[in-house]
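Read off the chains here:
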Amino acid sequence: MHRSAERQARSAAAWQAVFERVDLVITPSAPLPAYPHQTDAPPLARQLTVDGRAAPYAGQLVWASLASLARLPATAVPVGRTAAGLPVGVQVIGPRWGDRGTLAFAAAVHELTGGYVAPPGY
């Protein structure tokens, strides 16, 4: 438990230094664009195929964990679609207690892009 708290404190301090220079950080929401949902196996047993190889389903949380580890607000917003029509999004990360900033930025992107529209067949 001690190591986890230490890692979290180091991450929060590093992010605080970043937010002394910028207002928000934009990252991918996930390493891959949207993919079909899997419900036929327990979450930790689920696999995706990435570049022809099996990859853990939970690996899609890597970008989300950046903000979560440091307990920072993050807002996901769609920004486009793949050639197959599946949504692609970004994550807007703000400084501690900066929820309103991430939400305002996401609202502006939503207005510019037309927001989320369900892909055909969903």
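Residues numbered from 1 in each chain as written. Predicted model: local features only at pLDDT ≥ 70, side-chain atom pairs only at ≥ 80, totals over all residues. Heavy atoms only, no water.

Peer 1: Hey, could you go over the side chain of Gln-38 for me, with residue numbers and the actual values?
Peer 2: Residue position: Gln-38 is located in the loop between β1 (25-28) and β2 (47-50). Within the structure, Gln-38 has its side chain in polar contact with the backbone oxygen of Gln-47 (distance 2.5 Å). The residues contacting Gln-38, other than those within four sequence positions of it, are Arg-46, Gln-47, Leu-48 and Tyr-57. (Helix = DSSP H or I, 4+ residues; strand = E, 2+ residues; numbered from the N terminus. Polar contact = N/O pair within 3.5 Å; in protein donor to acceptor, adjacent residues only side chain to side chain. Contact = heavy atoms within 4.5 Å.)

Peer 1: Could you give an account of the pattern of salt bridges, with specific residues and numbers?
Peer 2: Per the counting criterion, the structure on display carries one salt bridge. One salt bridge in this structure joins Glu-6 and Arg-10, with 2.8 Å as the shortest N-O distance. Of this pair, Glu-6 and Arg-10 both sit in helix α1 (residues 2-18), separated by four residues, roughly a single helical turn. Glu-6 gets classed as partly exposed once you look at its relative accessible area, which sits at 39%. (Salt bridge = Lys/Arg side-chain N within 4 Å of Asp/Glu carboxyl O. Buried < 20%, exposed > 50% of the residue type's maximum accessible area, 1.4 Å probe, protein only.)

Peer 1: Outline the packing of aromatic side chains, listing residues and values.
Peer 2: Enumeration according to the criterion identifies one aromatic pair in this entry. Look at Trp-15 and Phe-19: their rings are 5.7 Å apart centre to centre, the planes differ by 20°, and that puts the pair in the stacked class. Judged by relative accessible area, Trp-15 falls into the buried class, the value being 12%. Phe-19 sits in the buried class, given a relative accessible area of 14%. The ring of Tyr-57 carries Arg-46 above its face, with NZ or CZ at 5.6 Å from the centroid. (Phe/Tyr/Trp six-rings, centres within 6.5 Å; stacked < 30°, edge-to-face > 60°. Lys NZ or Arg CZ within 6 Å of the ring centre and 35° of its normal.)

Peer 1: Quick rundown of the sheet that holds β1? Include the residues and the values.
Peer 2: Strand order in the open sheet formed by three strands is β1-β5-β4, with antiparallel pairing between adjacent strands. Because the sheet does not close on itself, it has two edges, and the strands there are β1 and β4 (74-81). Along the sheet, successive strands turn relative to each other by an average axial angle of 30°, direction set aside. Summarising the sheet, β4 and strand β5 (residues 87-93) pair through seven bridges and their orientation is antiparallel. Looking across to β5, one finds that Ala-76 is bridged to Gln-91. Set on the sheet, helix α2 (residues 62-69) makes contact with β1, β4 and β5; between it and β5 the angle comes to about 20°. (Pairing = 2+ DSSP bridges. Axes fitted to C-alpha atoms, helices over the stretch in contact; angles between N-to-C directions.)

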